[in-house]
Amino acid sequence: MDCLRRLGHALAALLALAVPLRAAEPVDVALALAVDISLSMDQDELRAQRDGYVAALEHPAVLDAIARGARGRIALTYFEWAGPWSQTVVAPWTVIATPEDAAAFAQRLAFAPLRSGRGTSISGAIAFGLDLLGAAPPADRRVIDVSGDGPNNLGVPVEQARDAALAQGVEINGLPLMFKRPDMLFSIPDLDIYYEECVIGGPTAFVLPVLGPERFVDAVRTKLIMEIAGVQPPARLIRAASTRIDCMIGERLYRAWRSRLDGN
């Protein structure tokens, strides 16, 4: 299975080069957008999530942030993820230097079909994003941005994947989707704290919680501007936890659920 996973990731990296890039031109940041499509997301939430990225990518403030960069251009790819072997590149690496570039990328997202998949493997998403970054244009910074509505419950432990990315100089930011009341089967009440302690990492890493679908556009726009500029939020946005988060909580909840299904 591990060999198949590596082969799948390598093929995805090749597919990410399907659109010609101005590869000789370095960019300010190569940003891999890793978007959760697990079955815990309903169709309305999947649509709100996709529409949020489409709207944010064409917003004047995002375009201005790109233009103000030292090089005035970034590279983007957008992929969707669920379980350990469920990752799909929706928009391959594209250099964004003009409003027309951003509009073309956004339209590619807008017209792609919505999908969903079983499982929640943040670690698989990070590993996949790391492989994709190997095919990105030269960049001053390399970032994986993970959005999701639950903790890692399948694949390798999330801290292991995070640390592997950090060892290669890749930063990880988090966009925890806290739309629903936690069911304690596949979601938890302190998802923002979980992301802060278990998922993100890097010099300017941050977590930006989203508390409702109607806030997604604003959150994505703010997130993109910070990632392009390489800055953190001006103030702490994470609630204080009374106890340290267990980074294996998702796996424990999943095993408990499987045990109940099996009658053990």
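Above this text is the structure in question.
In what follows, the accompanying structure is described. (Residues numbered from 1 in each chain as written. Predicted model: local features only at pLDDT ≥ 70, side-chain atom pairs only at ≥ 80, totals over all residues. Heavy atoms only, no water.)

## Section: the environment of Pro176
By the element assignment, Pro176 lies in strand S5 (residues 170-176). Beyond its immediate chain neighbours, meaning those up to four positions away, Pro176 contacts Gly148, Leu191, Asp192, Tyr195, Val207, Leu208, Pro209 and Val210. (Helix = DSSP H or I, 4+ residues; strand = E, 2+ residues; numbered from the N terminus. Contact = heavy atoms within 4.5 Å.)

## Topic: the pairing of S5
Within S5, 7 of the 7 residues are buried, leaving the element largely enclosed by the surrounding structure. Burial along S5 is two-sided: Val170, Ile172, Gly174 and Pro176 facing one way and Glu171, Asn173 and Leu175 facing the other are all buried. For the segment spanning strand S4 (residues 139-148), helix H6 (residues 158-167) and S5, crossover handedness is right-handed. (Buried < 20%, exposed > 50% of the residue type's maximum accessible area, 1.4 Å probe, protein only. Right-handed = clockwise from strand over helix to strand, strands pointing away.)

## Re the packing of aromatic side chains
Scanning the model with the defined rule gives 4 aromatic pairs in all. On the basis of an interplanar angle of 65 degrees and a centroid distance of 6.3 Å, the ring pair of Tyr194 and Tyr195 is categorised as edge-to-face. Given a relative accessible area of 0%, Tyr194 falls into the buried group. Its relative accessible area of 0% is what places Tyr195 among the buried residues. The rings of Tyr53, Tyr78 and Phe216 are connected pair by pair, giving a single aromatic cluster. (Phe/Tyr/Trp six-rings, centres within 6.5 Å; stacked < 30°, edge-to-face > 60°.)

## Details of the environment of Arg71
Mapped onto the elements, Arg71 comes out in the loop between helix H3 (60-67) and strand S2 (74-81). Classification of Arg71 by relative accessible area gives partly exposed; the value is 34%. In this structure the C-alpha to C-alpha distance between Arg71 and Val29, which are 42 residues apart in sequence, comes to 9.4 Å. Once residues within four sequence positions are removed from consideration, Arg71 is found in contact with Pro26, Val27, Asp28 and Asp140.

## Side note on the pairing of strand S1 (residues 27-36)
Most of S1 is tucked away: 10 of the 10 residues are buried. Alignment of S1 against S4, held across 8 bridges, turns out to be parallel. Considered in S4, the bridge of Ala34 is made with Val146. In this sheet, S2 lies alongside S1 in parallel orientation, the contact comprising 7 bridges. Bridging across to S2, Ala32 finds its partner in Thr77. (Pairing = 2+ DSSP bridges.)

## Observations regarding the pattern of salt bridges
By the definition in use, this model includes 12 salt bridges. Measuring nitrogen to oxygen at the nearest pair gives 3.8 Å for the salt bridge that ties Arg215 to Glu214. Ionic pairing is found between Asp218 and Arg221, a salt bridge with its closest N-O pair at 2.7 Å. Here Asp218 and its partner Arg221 are both found in helix H8 (residues 216-229), 3 residues apart, which amounts to about one turn of the helix. Of the residues examined, Asp218 reaches a relative accessible area of 42% and is grouped as partly exposed. (Salt bridge = Lys/Arg side-chain N within 4 Å of Asp/Glu carboxyl O.)

## As for the side chain of Glu171
Relative to the assigned elements, Glu171 resides in strand S5. As a buried residue without a salt bridge, Glu171 has its nearest oppositely charged side chain in Arg141, at a separation of 5.3 Å. What Glu171 contacts, discounting residues up to four positions off in sequence, is Arg142, Val143, Ile144, Gly201, Gly202, Pro203, Thr204 and Ala205. (Lys, Arg positive; Asp, Glu negative; His and termini not counted.)

## Looking at the sheet that holds S2
The sheet built from 5 strands is open, its strands ordered S3-S2-S1-S4-S5 with mixed pairing. A single partner strand is all that each edge strand has here, and the edge strands are strand S3 (87-96) and S5. The average angle at which neighbouring strand axes cross in this sheet is 15 degrees, direction not considered. Across the face of the sheet, helix H4 (residues 99-111) comes into contact with S2 and S3 while running at roughly 170 degrees to S3. (Axes fitted to C-alpha atoms, helices over the stretch in contact; angles between N-to-C directions.)

## Some words on empty space enclosed by the protein
One pass over the structure, following the stated rule, counts 2 cavities of 30 Å³ or more. The volume enclosed by the largest cavity comes to roughly 50 Å³. Lining the largest cavity are Leu57, Val62, Ile66, Ile74, Leu76, Ile96, Ala102, Leu224 and Ile228. Its residues assigned to classes, the lining of the largest cavity comprises 9 nonpolar, no polar and no charged. Taken as a whole, the second largest cavity spans an internal volume of roughly 30 Å³. Together, Val35, Ile37, Leu46, Gln49, Arg50, Tyr78, Glu80, Leu114 and Arg115 line the second largest cavity. (1 Å grid on protein atoms, 1.4 Å probe; cavity = no way out; pocket = protein on both sides within 12 Å on 5 of 7 lines; lining within 4 Å. Points joined across faces, edges and corners; volume = space filled by probe spheres on them. Nonpolar A, V, L, I, M, F, W, Y, C, P; charged D, E, K, R; others polar.)

## Some details on the packing of helix H5 (residues 122-133) against H6
As a packed pair, H5 and H6 sit with axes 8 Å apart at the nearest point and diverge in direction by 20 degrees. Between H5 and H6, the angle is such that the two are roughly parallel. With respect to the hand of their crossing, H5 and H6 are arranged in left-handed fashion. Contact residues: Ile122, Ser123, Ile126 and Leu130 in H5; Val158, Ala161, Arg162, Ala164 and Ala165 in H6. Its residues placed into classes, the contact of H5 with H6 shows 7 nonpolar, 1 polar and 1 charged. (Parallel < 35°, antiparallel > 145°, perpendicular 65-115°, else oblique. Left-handed = near helix turned anticlockwise from the far one by under 90°.)

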